Amino acid sequence: MPEKDMALTSTHWGTYRVEVSDGRVVALHPFERDPDPSPIGHGIAATIDDDKRIRTPMVRRGWRNGTSKSADGERGRDTFEAVSWDEAESLVADELNRVRRTFGNSAIYGGSYGWASAGRFHHAQSQIHRFLNCIGGYTRSVNTYSYAAAEVAIPHVLGDFKTFVNSTTSWSSVSGNTELFVAFGGVPVKNGQIDNGGVGEHGQRTGILEAARNGTSFVNVSPTRASMPAEVNAEWLDIRPCTDTALMLALAYVLLEEDLADRKFLERFTVGIEKVEQYLQGRIDGVAKTPDWAAGICQIASEDIRSLARKMAAKRCKISVSWSLTRQQYGEQPFWAGITVAAMLGQIGLPGGGIGFGYSATNGIGAQYQRLPYASLPQGENPVSGFIPVARIADMLLNPGSTFTYDGETHTYPDIRLVYWAGGNPFHHHQDLNRLDRAWQVPETIITHDWCWTSTARFSDIVLPCTTHLERADLALSPRDAYVVSMQQAIQPTGNARDDYSIFSAIARKMGLELEFTEGKTAEEWVTWIYDSSRQRFARAGLELPTLDDLKSAGWHKIDMPDEPTVMLEAFRKSSETAPLKTPSGRIELFSEKVAAFGYRDCPGHAAWLPPDEWLGSPDKERYPLHLICVQPQTKLHSQLDHGPVSQAAKIDGCEPVHICPADAAARGISNRQRVKIFNERGTCRAAAVLDDDIRPGVVQINTGAWYDPDENGTCKGGNPNVLTPDIGTSSLAQGPSAHSCLVEIAPA
Ligand SMILES: Nc1nc2c(c(=O)[nH]1)N[C@H]1C(S)=C(S)[C@@H](COP(=O)(O)OP(=O)(O)OC[C@H]3O[C@@H](n4cnc5c(=O)[nH]c(N)nc54)[C@H](O)[C@@H]3O)O[C@H]1N2
Ligand SMILES: Nc1nc2c(c(=O)[nH]1)N[C@H]1C(S)=C(S)[C@@H](COP(=O)(O)OP(=O)(O)OC[C@H]3O[C@@H](n4cnc5c(=O)[nH]c(N)nc54)[C@H](O)[C@@H]3O)O[C@H]1N2
Ligand SMILES: [Mo]
C-alpha cells in the first residue's frame, strides 16, 4: 500500500503513517507534512506485542491472600496471577466500594500524574478523573513535575504563568529582532520533539536556525555545551548547576550600578524595585550581590558577568529560562530573578525582547500562539476538596494526618488506603525511588492500568491491561498544534487488552454507576461528541473545522495559525491601564507583599539567592563531589518505549550513558564506555561512562526514563537516576520537585 494511504496515528512525538501486514504493525513512517520528524515513534512496532506487553488482567498473589507479603515477597517483588476481566472488574469495584464506604472518598488517591498517550478521548487522565468523580471523588494532585515552582510563584509576579509559557514570544519575533539571546539552561532542541497531545510539524530546529541566520547571537548558560544546537555557535558559559539565580542577581546589580537599568520601565510597569535594590546592595542581609560575589558561587568570572550585563543592556536581548531551572531546590528563584533582570532591561513586550519560559522545552514553546478551543471529555465535579502538590506523594503516604504548607496555606495529608493510576509511571518520575518504594507499601491497595510491564505496574496489586493508540480510534486535537488528525485503529488489541474507557465503564457497571460514567455513549459516540462540540466552539470563535466525515476521509486538517508574530506581554506594555496583570498591583511584582507576608524563610518576597542543601558549594561535597543533572531523554518521552529499539540503541551494553569530563573520569580510574555505579546515601544506579569534553568538571549528566529495576540491595540495574535524587519540596511555597539538586559519587562497577 502506498504510504499516503496508510492509517494515520498521532503521538506526543509526532504523527506517523502505520504500515500493517497480516494484522501486525511492521513500521511507522513519518507524516509527509513533517519537515523534521522524530525517530522516537519507531520504538513502538517491536514492543507492541513483545514479552513486556500486559495481555490479561493480573492480580498480585500477596494482595489476593490478604497479606501485604506473599511467600514471593512484598509489593514490587511479588508474583502475579492472571484473572478474567469479569473477576478483575469485581475485585476493583468491591475494593473501591469498601474503601469509600469505610474511609470516605478522600482515602482514594487518584492524582495519577503522567503523560499517557495522545488522543483527545482515550486520554487516560481524562478517563480516570471522570470515573473517580462519578464514584464520589478522590484526593487529587495539583501542578506538574515540569515546573511546579513557577506555577505557584510566577502568578504572584506576573499574575499568571501558564498563559505566559504558552504565549512565549515566537521564534518569528526573535528572528530579525533579537540581537542577543541569553539562554539559561540552553535551548534543548531534543525536547522540541515532544508536545502534549500530538505534533503535526516539528518547528524548533527550524526556528532557532532561522534566528541564527538572521543575526541573533546566542549565549548558552549551562553546565553542558550540548544544551544548545552546535550550528548556532553559541558562546558557552559553563555555570555550576543550581546557581543561575546568583548569576542573574549579579547581572541585575551591574545594571543598577552602571545606571543601565531602564528606570522609566521599572516605574511604569513594576512594583518593588526599591526592595530589590536594597537586597542587591546588601542592605537586607549584609551581602552585596556583586559580580565578585556571584563568581564565587556560579564560577563564571566576574569580568564575564559584568560584560554580559553591558551587552544585554546595549542590545535587543531575549532572556530564556529553561524549565529545568525550576526542578531544583528553591526553583521558584531563577524564574523570578530572570523576570527581574528582564524588567531592568525594559524590553518586556517588545518584539524579540523580554523573557521567554523554556524555548524548545516542547514543540509549541516559541511557536505562534493561538489557543484552539477544543472540547474535551467532561470531567464532572470532585466532591473531595483535599489535594497534594504532585511531588509530595511519598510524604503523604508516609505521614497521614501531618501538615504541609502550600502557597500561603497549611493543609493536612489525608490517610490514603487506595491508590489508582492510569497513564503515568511514578516509579519513573518521582524522586528518591527507594523512599517511594517504602511509602508505596503503606496503602492497602494499588490499581494500575498500563499496556506494558513498567515498574509501576510491577509495584501494583491489580494490573489492568489497556490498549495502545494503535489499537483504538481517536482524534488528535491539541490546543497548540495546527494539525487535526483522525487517528485510525491500525490493529486489533493485543491479547485481552481493552481501552481505558471500556475498563472504567465495566467497573462502573459493577458499582451500579455505569450510566453516570458513560451517559449511554460508546467510545465512537464520545469521539463524535467531542468533535462536534469542538466544531461549535470553533464556529463561535470565528474558526472553521471540516465535518468529521471529511476529516476522516482526508486523514488530517491544518488550521491556519496567525501570521502576526507572538510577543509576550505586548498588550500590557501598550497599555498597563487597559491590560493590567492579574497581580494585586496590576504590574510586575519584583517584590510581592503577599509572598513576603507568608513569612517563608525559603521563599522571601523577592528573588533571592538561597544556598541549596546539595550543590557544588555545599559541605556535603566532601563525600559526594559530583553534581548530577538528569535531563529529558533524546530517544524517548520519559520512560515510554524505553524497552524499544530506539531507546535501547542509545545505551551502552544495555546501560544508560552518563556523561563525565575526562579529568573527573581519570581521577576515578574510569575509561570511556566503562560500566560504573553512581551513588549517594539515597541509592545506587548502574550506568556506562561517556567521556565528554563538553561538560563542566564536577558535573555528570544522565538521561531520565530508564525503568526502575532494583536488586536486593536497592541498586537500580536499569539506570533510573531517581534512586539518587532528593525527595524534597522546592520551598514552603510551591513544594515542587527538586530533582536537579543532587550530589553523587561515581566508581567503576
Ligand atoms: N530526575 C528527574 N525526574 C523527572 C524529571 C527530571 O527532569 N528529572 N522530569 C519530570 C517530568 S518534567 C515529568 S513530566 C515526569 C513524567 O513522568 P510520566 O508522565 O509519569 O512518565 P511517562 O513515562 O510518560 O509515563 C506515562 C505512562 O503512561 C502509560 N500509557 C501510555 N498510554 C496509555 C494509555 O492509553 N492508557 C494508560 N492507562 N496508560 C498509558 C505509559 O506506558 C507510561 O507508563 O517525570 C519527571 N521526573
Ligand atoms: N525527547 C524528549 N523531549 C521532552 C521530554 C522527554 O522526555 N523527551 N519531556 C518533556 C517534558 S515533560 C518537559 S517538562 C520538558 C522539560 O524541558 P527542560 O526542562 O528544558 O529539559 P531538560 O532536558 O531536563 O533540561 C534542559 C537543559 O537544562 C540544563 N540544566 C540543568 N540544570 C541546570 C542548571 O542548574 N543551570 C543551567 N543553566 N542549566 C541547567 C541541562 O543541562 C539541559 O541541557 O521536556 C519535554 N520534552
Ligand atoms: Mo514535564
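Residues numbered from 1 in each chain as written. Chains lettered and ligands numbered in written order. Predicted model: local features only at pLDDT ≥ 70, side-chain atom pairs only at ≥ 80, totals over all residues. Heavy atoms only, no water.

Asker: I'd like to hear about the overall build of the chain, residue by residue, with values.
Answerer: Helix and strand counts for the chain stand at 25 helices and 30 strands. Rg of the C-alpha trace for the chain: 25 Å, near the compact-globule value of 27 Å for 749 residues, within the 12% margin. Taken over the C-alpha atoms alone, the chain extends approximately 75 × 60 × 50 Å along its principal axes. Looking at the chain residue by residue over its 749 residues, the buried ones come to 65%. Contacts in the chain between residues far apart in sequence, at least 24 positions, make up 74% of those at least 6 positions apart. Of the roughly 26300 Å² of accessible surface on the chain, 47% is carried by carbon and sulfur atoms. Positive and negative side-chain charges in the chain, numbering 73 and 90 respectively, have mean positions lying 1 Å apart. (Helix = DSSP H or I, 4+ residues; strand = E, 2+ residues; numbered from the N terminus. Rg over C-alpha atoms; globule rule 2.2 N^0.38 Å. Buried < 20%, exposed > 50% of the residue type's maximum accessible area, 1.4 Å probe, protein only. Contact = heavy atoms within 4.5 Å. Areas by Shrake-Rupley, 256 points an atom, 1.4 Å probe, with all protein chains shown as cover. Lys, Arg positive; Asp, Glu negative; His and termini not counted. Charge placed at Lys NZ, Arg CZ, Asp CG, Glu CD.)

Asker: Let's hear about the pattern of salt bridges: which residues, and what values?
Answerer: Overall, the coordinates contain 48 salt bridges when judged by the stated rule. Here Glu 81 makes a salt bridge to Arg 64, at a shortest N to O gap of 2.7 Å. One end of the pair, Glu 81, is in strand β5 (residues 80–82); the other, Arg 64, is in helix α1 (residues 61–64), with 17 residues separating them in the sequence. On the basis of relative accessible area, Glu 81 is assigned to the partly exposed category, the value being 25%. (Salt bridge = Lys/Arg side-chain N within 4 Å of Asp/Glu carboxyl O.)

Asker: Which residues make up helix α10 (residues 273–280), and what values go with them?
Answerer: When we look at burial in α10, the residues that qualify are Ile 273, Val 276, Glu 277, Tyr 279 and Leu 280. The arc that holds the buried residues of α10, viewed along the axis, is 160 degrees, so those residues lie on one side. Looking at the buried positions of α10, the neighbouring elements they touch are α8 (244–257), α9 (263–269), β11 (270–271) and α13 (332–345). Downstream of α10 by one or two residues, Gly 282 has phi in the positive range, about 85 degrees. (Arc of directions from axis to C-beta.)

Asker: Before we move on, could you go through the site of ligand 1 and cite the residues and values that matter?
Answerer: Taken together, 33 residues form the shell around ligand 1, and within it Ser 117, His 429, Asp 450, Ser 639 and Asn 722 come nearest. Within the backbone of Asn 425, one N or O atom sits 2.8 Å away from an oxygen atom of ligand 1. In this structure, Asp 500 approaches ligand 1 through a side-chain N or O atom, which is 2.8 Å from a nitrogen atom. Taken together, the residues that form the shell around ligand 1 break down as 10 nonpolar, 19 polar and four charged. Counting only domains with at least three residues in the shell around ligand 1, you end up with domain 2 (58–132 + 385–558) and domain 4 (619–748). (Near = heavy atom within 4 Å. Polar contact = N/O pair within 3.5 Å; in protein donor to acceptor, adjacent residues only side chain to side chain. Nonpolar A, V, L, I, M, F, W, Y, C, P; charged D, E, K, R; others polar. Domains from an automatic or database assignment.)

Asker: So what about the site of ligand 2? Which residues, and what values?
Answerer: The full set close to ligand 2 counts 33 residues, and Lys 190, Ser 227, Cys 242, Asp 244 and Pro 633 are the nearest of them. Between ligand 2 and Ala 361, the relevant distance is 3.1 Å, taken from an oxygen atom to a main-chain nitrogen or oxygen of the residue. Here ligand 2 has 920 Å² of accessible area as a free molecule, and 98% of this is covered by the chains. Among the residues making up the shell around ligand 2, the classes are represented as 15 nonpolar, 14 polar and four charged.

Asker: So what's going on with the environment of Ala 313? Residues and values would help.
Answerer: Assignment of secondary structure puts Ala 313 in helix α12 (residues 302–314). In this structure Ala 313 comes out as partly exposed when scored by relative accessible area, which is 27%. Sequence separation between Ala 313 and Ser 575 is 262 residues, and the spatial gap between their C-alpha atoms is 23 Å. Apart from the residues lying within four places of it in its own chain, the contact partners of Ala 313 are Leu 255, Leu 260 and Leu 345.

Asker: Which residues make up the pairing of strand β1 (residues 7–11), and what are the values?
Answerer: Burial within β1 is extensive, with five of its five residues counted as buried. Burial of the side chains of β1 extends over both faces: Ala 7, Thr 9 and Thr 11 are buried on one face and Leu 8 and Ser 10 on the other. The pairing of β1 with strand β2 (residues 14–21) spans five bridges and is classified as antiparallel. Pairing of Ala 7 across the sheet is with Val 18, part of β2. (Pairing = 2+ DSSP bridges.)

Asker: Tell me about the domain arrangement of the chain, and name the residues and values.
Answerer: Here the chain is partitioned into domain 1 (3–47), domain 2 (58–132 + 385–558), domain 3 (167–368) and domain 4 (619–748). The straight-line distance from the C-alpha centre of domain 2 to that of domain 4 is 29 Å. On the side of domain 4, 30 residues touch domain 2, which itself brings 29 residues to the contact. The junction of domain 2 with domain 4 conceals about 2300 Å² of combined surface from both sides, 48% of it contributed by carbon and sulfur atoms. Our count for the domain 2 to domain 4 interface comes out at three salt bridges. As a salt-bridge pair, Asp 709 and Arg 458 come within 3.8 Å of each other at their nearest N and O atoms. Inspection of the domain 2/domain 4 interface yields 19 residue pairs in polar contact (both at pLDDT 80 or more). Mapped by element, the contributors of at least two residues to the side of domain 2 that touches domain 4 are α14 (393–398), β15 (403–406), α15 (426–429), α16 (433–440) and α17 (455–458). With four residues, α16 is the largest single contributor of residues to the side of domain 2 that touches domain 4. Across the side of domain 2 that touches domain 4, the residue classes break down as 12 nonpolar, nine polar and eight charged. (Buried area = accessible area lost by both parts, 1.4 Å probe.)

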